[in-house]
Every structure is written in C-alpha cells, then in structure tokens.
Amino acid sequence: MISVEEAKNLLNQHQLSGKTGTVALDESLGLFLSADIQSPIDIPFFDNSAMDGYAIRWQDGQSSRKLRAETKIRAGEIGNFTLGEDEAIRIFTGAPIPNGADTVIQQELVSIEGNLFNFDIENFSKGANVRKKGAQNTTGTLIAKKGSEITPGMIGLLASVGLDQVPVYLPPTVGIILTGDELMEVGEPLSFGKVYDSNGHVLKTYLQKLGVKAIEIAKSIDDPDLLQSQINDFIQRYDVLIISGGISVGEFDFVKKGLENASVKELFYKIKQKPGKPLYVGFRDHQWIFALPGNPASTLTCFNQYVKPCLESWMGKSNTWQPTGLLPLKEDYRKKQGLTFFLKAKEQNGSIEILSGQESFNLISYGVANCILEIPEDIEFLPKGSMVKFYKW
Ligand code: AMP
Ligand code: MG
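Since the structure is predicted, the reported quantities are computational estimates derived from the model, not experimental observations.

Criteria and thresholds
- Here the residue numbering is sequential within each chain, running from 1 through the sequence in written order.
- In the order they appear in the text, chains get letters beginning with A and ligands get numbers beginning with 1.
- For a predicted model such as this one, the threshold for reporting local features is a pLDDT of at least 70, and the threshold for listing and counting side-chain atom pairs is 80 or more; totals across whole chains, interfaces and linings nevertheless cover every residue.
- The basis for every side-chain value is the complete set of heavy atoms in the structure, and neither hydrogens nor water enter the calculation.
- UniProt positions are given in the numbering used here, feature names are shortened, and annotations may be inferred rather than shown by experiment.
- Only DSSP runs of H or I reaching four residues or more are called helices, and only runs of E reaching two or more are called strands; each is numbered from the N terminus.
- Only Phe, Tyr and Trp rings are paired, with Trp represented by its six-membered ring, and only when their centres lie within 6.5 Å; those with planes under 30 degrees apart are stacked, over 60 edge-to-face, the remainder tilted.
- Each residue gets one of three labels from its accessible area relative to the maximum for its type: buried under 20%, exposed over 50%, partly exposed in between, using a 1.4 Å probe on protein chains only.
- In this analysis the charged atom, NZ for Lys or CZ for Arg, is taken to sit over a ring once it is within 6 Å of the ring centre and within 35 degrees of the ring normal.
- When two cysteine sulfur atoms are found within 2.5 Å, that pair is recorded as a disulfide.
- Strands are treated as partners if at least two bridges between them are detected by DSSP.
- We count a salt bridge whenever a side-chain nitrogen from Lys or Arg sits within 4 Å of a carboxyl oxygen from Asp or Glu.
- For the domains described, the bounds stem from an automatic or database domain assignment.
- The contact definition used throughout considers only heavy atoms, calling two residues in contact when any of these lie within 4.5 Å.
- Values labelled buried area give the accessible surface lost by two parts on being combined, using a 1.4 Å probe and summing over both.
- Three classes are used: nonpolar for Ala, Val, Leu, Ile, Met, Phe, Trp, Tyr, Cys and Pro, charged for Asp, Glu, Lys and Arg, and polar for all others, with Gly counted as polar.
- Axes, fitted as lines to C-alpha atoms, cover a helix only where it is in contact. Angles between the N-to-C directions of the axes lie from 0 to 180 degrees.
- Here roughly perpendicular refers to angles of 65 to 115 degrees, roughly parallel to angles under 35, roughly antiparallel to angles over 145, and oblique to all remaining angles.
- Should the near helix be turned anticlockwise from the far one by less than a right angle, the crossing is termed left-handed; should it be turned clockwise, right-handed.
- It is the directions from the helix axis to the C-beta atoms that the arc portrays.

Undergrad: Just give me the short version of the UniProt feature "domain: MoaB/Mog" (unreviewed entry) in the protein chain, but keep the residues and values in it.
TA: With numbering aligned to this structure, UniProt lists the feature "domain: MoaB/Mog" (unreviewed entry) at residues 175-313. Across residues 175-313, the secondary structure splits into 37% helix and 27% strand, with the terminal C-alpha atoms separated by 18 Å.

The following block contains the structure:
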C-alpha cells in the first residue's frame, strides 16, 4: 500500500495528454487553448462613439456649433459622413465617428436651442468618448495564451475578434462501468436489498463539468464473464475507463482480475487513505483506467483527488495537483494516525468547517460540502486554526 503522496507522484510522472484539434466556439467552455491566439483584426474595427451624444471637431474650439439636424449616425451605420467646420452631428453608442470629428459630447451635457448646439467646453478634452480603432488590440496582437482556460469571458474575447473555431486540447472519451447486483436506477421505486445508483450520476456530471462530452455508462452485475465482456468492449472504444465498485477484496469483486485479463498495466492498487483505500489505477498505451471503490464517499473523493487532475492534464491544464488553497480549521479535529483522511467540508468566510456525516454511506454531507479537506497520514490532532489543504470540486 502506498501513501497519497506516492500515488500522486506516480500519476504525475505518468501524465498522458490528449490530442489537439478545433471545436466550435460555443462548445469550448472549460477546455484549454492548445495554441496562442493572435487577433486577425483591429478591435475596435473603426473609431466609434462610446456614448449617445454629438460628434464634434475639437480644433474648432467653440462651445457652440451648428447642429446638422438631418443627420443621425446610428450603430451599424455604413454611410460615410463628414463633419463640416463648426458643426455637430447627432451620434449613438457604437456608431462610426464621422470623418473630421474626434470628440463626442454626451447628450446629458448639452443644450439645444433651435439648430444651435451648446456645451461647456471646459468639461471635455480632445478625444473624449471616442473608442479608437485598435484600442483593444491591433491585428496580430497576442490576445490569449496557449494553455489558458476557456471561460465565458474568454469566449467573449474570442467572439469579439470573429473566431468561430477554437484550437483546444480535445477532452478524452470516457466509458463508465457501474458494478453491483444491488444497483437500481433513480426514478423507480426502491426495492428491498437494492440501492439507487448515485455514483453514475456523480461521475457523469463531474466529467461534464470538466468539459468531457463523450461519456457512455454501462451497468454490470457482479458476474465475472459479463463484467469481462463489458471491460473488453469499453477498453477498445474509450480513452479513459472508469469503473465504480467491485475493486475491493470481497468474494464478488471481479474488477481487478478483469482488468488484468484485458492487459491493463497496474500503476498502483490501494492507498493509505480514508475513504477510498482500494483505489486501483492502471494504463494501456494511451489510456487511463481507474477503478474506484463503490461507496459513494470513496467515488467522489477518488475522482476529485486522482481522476480529475489526470483528466485535467490530459486536457492541457497545468498544476492540476495543487490544492485550491490553505485555510484555518474552524474547530479542533482528532483522528487516528496511519491514513490520510479526506473529509467533506465547507469553505466559508476564510475558514474550513468539517461537516458532520462523514460515514461512507452518508451522503447528507455531500449536498452541503463545497470542498474536500486533506488531513495528512501522521496527524492525530489538529487544533482549531490549524492551516489545512482544501480542494474545491
Ligand atoms: P463495492 O465497492 O462494490 O464493494 O461497493 C461498496 C458499497 O458501495 C456498497 O454498499 C455498494 O452498494 C455501494 N455502491 C456501489 N456502487 C454504487 C453506486 N453506483 N451508487 C451508489 N452506491 C454504490
Ligand atoms: Mg460491489
């Protein structure tokens, strides 16, 4: 049995990375850029007004101008206007600045008398309220770096320069096998001796949150032959295989043997941790195989601590093994030495609260937790205020 640190080091040394490719802009959320992005155009594309108001020429130096009553320049306007001497033209936000104009006086600060336009010139400087061509970026400027996460804001930036396809590290395709004779689907009344499958839903939605799209879930009863054919099928078809349950030492735990038969090479089996001691990780040429112990606390913890960082580095993220941060404990905490404990916790207002209901069958704490807390192997007691590592989902 290896320590948490040894397990993470082994995984880190064995990093697998995904292929690169392009995806549609709106499909790229949560993925990572596989190339630097240079803007193909100047943004703004043309000088335009930042306000609803009146365009003037600063050099006229007058605080009163003739208002060209018939001309209004709207956003989207494609006409070509030129401002005469001592003239002002009505203009709206986003509309092109007419030739000759260089300043916009916002409408709230003017008075109009007949065809005369008056404002207090002291309140303005040359160029006021004009968004200059190229002020965001000029053509060829590096606007986003390789390895950057594609957030909603990044999608806005990429759209603003006109990109409809984005170069990314492609997420892995993932097959999930849920083992257990006792599993029932949500939505049906629960029968005696059975349990609703929750791991399948946790794994699927967690993967989706990471940006994985191609996910197939299969269930297998605890029968070695059926399980074997399911493993053989999925291992042919997916980059990553995740198996829930059946990896412990029970008489009906057939996963490890099934993986050996499918030529999976073991990286490690069993970690000095609670929950999730019988975690198994293996690989084939360019494939990850994770067999997570079935109890829901183990599945969630092992996914957060081991599967997620591996998949994130597959998808081009860096520093995936770092905890989210360190924060002080809200209360004293005691445990036995010998195992690293991962606890469902709530990070709030700069401190960490360990939630009640940590038993492996108890999911109430799941619903409330916003992070997982790590208490090292050799620790027996941590007084309130001790700094602890926490990991957000
Ligand atoms: P196992 O790892 O197969 O020995 O399962 C350990 C415990 O987790 C058992 O109580 C199972 O009923 C439970 N369990 C296994 N798979 C799931 C699942 N998909 N959803 C919820 N509980 C599960
Ligand atoms: Mg089982």
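Undergrad: Any chance you could break down the packing of aromatic side chains for me, citing the residues and the numbers?
TA: Within this structure, the stated rule accounts for seven aromatic pairs. Ring geometry for tyrosine 54 and phenylalanine 117: centres 4.8 Å apart, planes at 45 degrees, overall tilted. With tyrosine 54 in strand S4 (residues 53-56) and phenylalanine 117 in strand S9 (residues 116-119), this residue pair connects regions lying 63 residues apart in the sequence. Classification of tyrosine 54 by relative accessible area gives buried; the value is 8%. Judged by relative accessible area, phenylalanine 117 falls into the buried class, the value being 0%. Among the aromatic side chains, those forming a connected cluster through ring pairs are Tyr54, Phe117, Phe119 and Phe124. Across the ring face of tyrosine 306, the terminal group of lysine 8 is positioned such that the distance to the ring centre comes to 5.8 Å. The cationic tip of lysine 335 hangs over the ring face of phenylalanine 341; the distance from NZ or CZ to the ring centre is 5.1 Å.

Undergrad: Give a detailed account of the state of the cysteines, specifying residues and quantitative values.
TA: Each disulfide is one covalent bond, formed between the sulfur atoms of two cysteines. The tally for this structure, following the rule as stated, stands at zero disulfides. Cysteine 302 carries a free sulfur, and the closest cysteine sulfur to it, the one in cysteine 310, is 12 Å from it. Cysteine 310 gets classed as buried once you look at its relative accessible area, which sits at 1%.

Undergrad: Explain the pairing of strand S25 (residues 351-354) residue by residue, including any values.
TA: In this structure, strand S24 (residues 340-348) lies alongside S25, joined through four bridges in antiparallel fashion. When the sheet's bridge partners are listed, alanine 345 is paired in S25 with isoleucine 354.

Undergrad: Residues and numbers for the pattern of salt bridges, please.
TA: Under the definition given, this model contains 16 salt bridges. Across the salt bridge formed by lysine 133 and aspartate 42, the nearest N and O atoms sit 3.0 Å from each other. Here lysine 133, found in the loop between strand S10 (130-131) and strand S11 (142-144), pairs with aspartate 42, found in the loop between strand S2 (37-38) and strand S3 (48-49); they are 91 residues apart in sequence, far enough to count as distant. By relative accessible area, which is 45% here, lysine 133 ends up partly exposed. According to the relative accessible area criterion, aspartate 42 is buried, its value standing at 16%.

Undergrad: Give a description of the domain arrangement of the protein chain that names residues and reports values.
TA: Taken as a whole, the protein chain is organised into domain 1 (4-19 + 170-314), domain 2 (23-43 + 144-169), domain 3 (48-131) and domain 4 (325-392). With eight residues of domain 1 in contact, the opposing surface of domain 2 contributes six residues. Of the roughly 520 Å² buried between domain 1 and domain 2, counting both surfaces, carbon and sulfur atoms make up 59%. Taken together, the connections running from domain 1 to domain 2 amount to zero salt bridges. Partitioning the side of domain 1 that touches domain 2 into residue classes produces four nonpolar, two polar and two charged.

Undergrad: Summarise unusual backbone geometry; cite the residues concerned and give the values.
TA: The omega torsion of the bond from isoleucine 43 to proline 44 falls at -10 degrees, within 30 degrees of zero and hence cis. The residue after lysine 274, namely proline 275, is reached through a cis peptide bond having omega 0 degrees. As for its placement among the helices and strands, proline 275 is situated in the loop between strand S19 (273-274) and strand S20 (280-284). Even without glycine at this site, serine 263 takes up a positive phi of about 60 degrees. Relative to the elements of secondary structure, serine 263 occurs in the loop between helix H5 (255-261) and strand S18 (265-269). A positive phi is found at lysine 270, a non-glycine position, where the angle reads about 80 degrees. Here lysine 270 shows up in the loop between S18 and S19. What makes lysine 270 partly exposed here is its relative accessible area of 27%.

Undergrad: Just give me the short version of the side chain of arginine 57, but keep the residues and values in it.
TA: Following the sequence through the fold, arginine 57 ends up in the loop between S4 and strand S5 (64-73). Overall, arginine 57 belongs to the buried group, its relative accessible area being 15%. When near neighbours in sequence (up to four residues on either side) are disregarded, arginine 57 contacts Arg65, Leu83, Gly84, Glu85, Gly100, Ala101 and Asp102.

Undergrad: Tell me what's going on with the packing of helix H1 (residues 4-13) against helix H6 (residues 296-314), and back it up with residues and numbers.
TA: Relative to each other, H1 and H6 sit at 15 degrees, their axes nearing to 11 Å. Taken together, the axes of H1 and H6 are roughly parallel relative to one another. For the element pair H1 and H6, the recorded crossing hand is right-handed. Every residue of H6 that contacts H1 at Val4, Ala7, Lys8 and Leu11 is listed here: Gln305, Tyr306 and Cys310. Counted by class, the contact of H1 with H6 contains five nonpolar, one polar and one charged residues.

Undergrad: Give a description of helix H2 (residues 152-160) that names residues and reports values.
TA: All of the buried residues along H2 are Met154, Ile155 and Leu158. The arc that holds every buried residue of H2, seen down its axis, measures 100 degrees, which confines them to one face. Away from its buried face, by an angle of more than 90 degrees, H2 presents the exposed residues Pro152 and Gly153. Of the surrounding secondary structure, the elements contacted by the buried residues of H2 are S2, S11 and strand S12 (165-169). Within two residues after H2, glycine 162 carries a phi angle of roughly 95 degrees, on the positive side.

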